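Commentary on secondary and tertiary structure
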Amino acid sequence: MTIDFLVAALMTIITASTPLVFAAVGEIVAERSGVLNLGVEGMMIVGAIGAFATGIITGDPVLAVLAGAASGALMAFIFGCLTLWLLSNQVATGLALTIFGIGLSALLGHQFVGVTLAGLPRLDIPGITDLPFIGPLLFGHDALVYLSVVSVIAVAWFLRHTRAGLALRAVGENHDAAHSIGYPVILIRLLAVLFGGAMAGLGGACLSLAYTPLWIENMTAGRGWIALALVVFASWRPWRAFFGAYLFGGITIIQLHAQGLGVAIPSQILSMLPYIATIVVLVLISRDDVRMRFNAPACLGRSFHATG
Amino acid sequence: MALRFEARGAASRAMVLGSPAIAVVLTLAASLVMFASLGTDPVRALQAFFIQPLSSERGVAELMVKATPLVLIALGLSMGFRANVWNIGAEGQLTLGALAGGGLALALYGYESPFLLPLMFVAGIAGGMAWAAIPAFLKTRFNTNEILTSLMLVYVAILLLSYLIHGPWRDPDGFNFPESRLFHDSARVPVLLQGTRLHIGWPIALAITATTWILLARHIIGFQIRVVGLAPAAASFAGFSRTRIIWTTLLAGGGAAGLAGVMEVAGPIGQIVPVISPGYGFTAIIVAFLGRLQPVGVVFAGLLMALTYLGGEYAQITMNLPNAVTGVFQGMLLFFLLASDILIRYRVRFVP
């Protein structure tokens, strides 16, 4: 009984954390290349509706997931064109992307309100998934959960151990130097931004395909912003972002269970917890000014224009 | 042939004003395409959006009603944006202002006095300032990013509002609806024009615009804000305190948003309801940029953005278009504006 409850709680924590893992790891890649994209919330919500609409129309979960990633990347492309080519302010453009994305998703999702989707199929290996405790926790998730873990491993390895990853970090640390030794700064940044968008779109797809398989206006509810906070919390490192995402997923689910168990605190006050936790964590991590400046990519948020 | 951007020697003043005009034209063109792809007659849709609302006295009055909070909030935000202080939590500060001022009206329910309304305004301003003081304190004391903290506080504020009207502030005779009771007459903002909802908030917003203009253009604090934003190093050599600028701009933004909030609940709404603002706090960010972070520009930009809200309502009623079109519209406008802004500092050259 208690074991079943524990497994159920841990399973929901994993489902709640996966969107944050995707969005945060994607944003880490973009920010490591020196681009601050504050439009994660907008890319996520457009990814959510893109995936959901495709899922309803085609009935194919693979296509739905791909559509989620593509919608996020498309949004990121708008951001990339504006900030990289037209040199617009990255903070303002990111805000615009979020405002636009929330409006666009509501417009596209208008006809899907109240429709439900079957949800993503879960892995089910006879004999193994049925193992007590370990079985469902390790072998009982949908494909996106496994993909999120793979993406953390892949991004961590890419940034640390590949030549391309080194080039990306060089562009993020000093774009003038990177340019002068021949790296295509704008192209590298565009690719990083597109990757970040696709990952945010996948995060949105998790929400509308797995977490709550239906379309609700504004269903991301600030998760994109929490993902941005996670990037800072993780000092721009993928594995730390992964654990941070699970910490936040855990807080979200624990407050939901507390509401369900009838704790004498009003539900709205409990629902504030993830947002307040984000603020507290940000304060703790950014208190040390020197460490923050040491960890943040040096060219984060600065436009690059090659003269000559 | 290729396109190349060449840096101008100095920022083009013509383009500072020209770029919003270009952005509006491009947004209109893009929305023609959007409406056509939605399967509605684009010309009729644009007419419903931009012409119909302005063809009656009531419509024009309603335009100013909606522009009031936008202008107020954008004035405060533009001070911060000039100094690179990114307060994007105005929606939460507006909510806290509405709760502080509205809470006072509920606490003094039935109390008839000409001083009640001004007191509510003060409470609203204080509420908004208190909410903005949190990111200001965290930024100055702990170096915490104000973008993320102010935004997180929006969600906290909206949940607080939800808690209050589902619990302690719910109307005792309201059939369990999550709404407060209606404010009594002394706690309502006076209407200026009979038969419309136009209230004294609009002239107040214009007066605050004039004050802000004087502060920014003629007072030392306006100069300091600009220097801190444009050249932080020069500002610190000159002895301008960055901490002071962060506090000033965040408190100004929070106070303005709080005033806008209390005017909404004591004006057009008349009680505390679950949704006080249709995103005025976020739209005001666009208003600030579209108005070139200048007080006078903000007034015109506020009227234009108010028109997109009003047009969205008309288009929803007359053409059954989803209300979300307004958000898409506003987002596109900001995109095109940010894109055209490159013409301020660069000129376009065609390279054969």
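Scroll up a little and you will see the structure.
The shown structure was predicted, so the numbers you read here are calculated from the model rather than taken from an experiment.

For the rest of this paragraph, the subject is the overall build of chain A. Of regular secondary structure, chain A possesses 14 helices and 0 strands. Secondary structure elements of chain A occur, N-terminal to C-terminal, as α-α-α-α-α-α-α-α-α-α-α-α-α-α. The globule rule puts the C-alpha radius of gyration for 308 residues at 19 Å, and the 20 Å found for chain A is close to it. Based on the C-alpha atoms only, the size of chain A along its principal axes is roughly 70 × 45 × 40 Å. Residue burial in chain A is summarised as follows: out of 308 residues, 57% are buried. When the accessible surface of chain A is totalled, it reaches about 12,700 Å², and 71% of it is carbon and sulfur. Taken together, the 13 basic and 13 acidic charged side chains of chain A have centroids lying 14 Å from each other.

Here we take up unusual backbone geometry. Residues and elements named next belong to chain A. One non-glycine residue with positive phi stands out, namely alanine 221, at about 45°. By the secondary structure assignment, alanine 221 is in the loop between α9 (185–211) and α10 (223–233). A positive phi angle, close to 40°, is found at serine 235, a residue other than glycine. Its place among the elements puts serine 235 in the loop between α10 and α11 (238–260).

The subject of this paragraph is a positive patch on the surface. All names here are of chain A. A contiguous patch of positive charge, built from Arg160, Arg237, Arg240 and Arg291, is present on the exposed surface. Considering the arrangement of structural elements, one finds arginine 291 in helix α14 (residues 289–295). Residue classification places arginine 291 among the partly exposed residues on the basis of a relative accessible area of 39%.

Let's shift gears to the packing of aromatic side chains. What the rule picks out here adds up to 18 aromatic pairs over all chains. Both rings, one in phenylalanine 81 of chain B and one in phenylalanine 289 of chain B, keep their centres 5.3 Å apart while their planes meet at 20°; by these two values the pair is stacked. Taken together, the residues phenylalanine 81 of chain B in helix α3 (residues 57–82) and phenylalanine 289 of chain B in helix α11 (residues 280–290) connect sequence positions 208 residues apart. Taking relative accessible area as the criterion, phenylalanine 81 of chain B reaches 4% and is therefore assigned buried. A relative accessible area of 11% places phenylalanine 289 of chain B in the buried class. Between phenylalanine 137 of chain B and phenylalanine 142 of chain B the ring centres are 5.9 Å apart and the planes differ by 90°, which places this aromatic pair in the edge-to-face class. Relative accessible area serves as the criterion here: at 40%, phenylalanine 137 of chain B is assigned to the partly exposed category. A residue is classified by how much of its surface remains accessible, and phenylalanine 142 of chain B, at 18% relative accessible area, is buried. Every member of this aromatic cluster is reached through a ring pair, and the members are Trp239, Phe242, Phe243 and Tyr246 of chain A. The cationic tip of arginine 181 of chain B hangs over the ring face of tyrosine 109 of chain B; the distance from NZ or CZ to the ring centre is 4.2 Å.

It is worth spelling out the nonpolar core at this point. In terms of nonpolar packing, the biggest core is built from 191 residues, with Trp225 of chain A together with Phe35, Ile73, Met120, Phe183 and Ile272 of chain B touching the most fellow members. Broken down by element, this core gets its largest block of residues, 13 residues, from helix α6 (residues 146–166) of chain B. Contacts of methionine 120 of chain B, omitting those with residues within four sequence positions, involve Gly101, Leu104, Ala105, Phe183, Ala187, Val262 and Ala266 of chain B. Counting residues in hydrophobic clusters, the runner-up holds 14 residues, among them Met79, Leu216, Ala235 and Ile245 of chain B.

Thresholds, definitions, all that
Residues numbered from 1 in each chain as written. Chains lettered and ligands numbered in written order. Predicted model: local features only at pLDDT ≥ 70, side-chain atom pairs only at ≥ 80, totals over all residues. Heavy atoms only, no water. Helix = DSSP H or I, 4+ residues; strand = E, 2+ residues; numbered from the N terminus. Rg over C-alpha atoms; globule rule 2.2 N^0.38 Å. Buried < 20%, exposed > 50% of the residue type's maximum accessible area, 1.4 Å probe, protein only. Areas by Shrake-Rupley, 256 points an atom, 1.4 Å probe, with all protein chains shown as cover. Lys, Arg positive; Asp, Glu negative; His and termini not counted. Charge placed at Lys NZ, Arg CZ, Asp CG, Glu CD. Patch = residues over 30% accessible without salt bridge, like charges linked within 9 Å, V, L, I, M, F, W, Y side chains within 5 Å. Salt bridge = Lys/Arg side-chain N within 4 Å of Asp/Glu carboxyl O. Phe/Tyr/Trp six-rings, centres within 6.5 Å; stacked < 30°, edge-to-face > 60°. Lys NZ or Arg CZ within 6 Å of the ring centre and 35° of its normal. Core = buried A, V, L, I, M, F, W, Y, C linked by side-chain atoms within 4.5 Å. Contact = heavy atoms within 4.5 Å.

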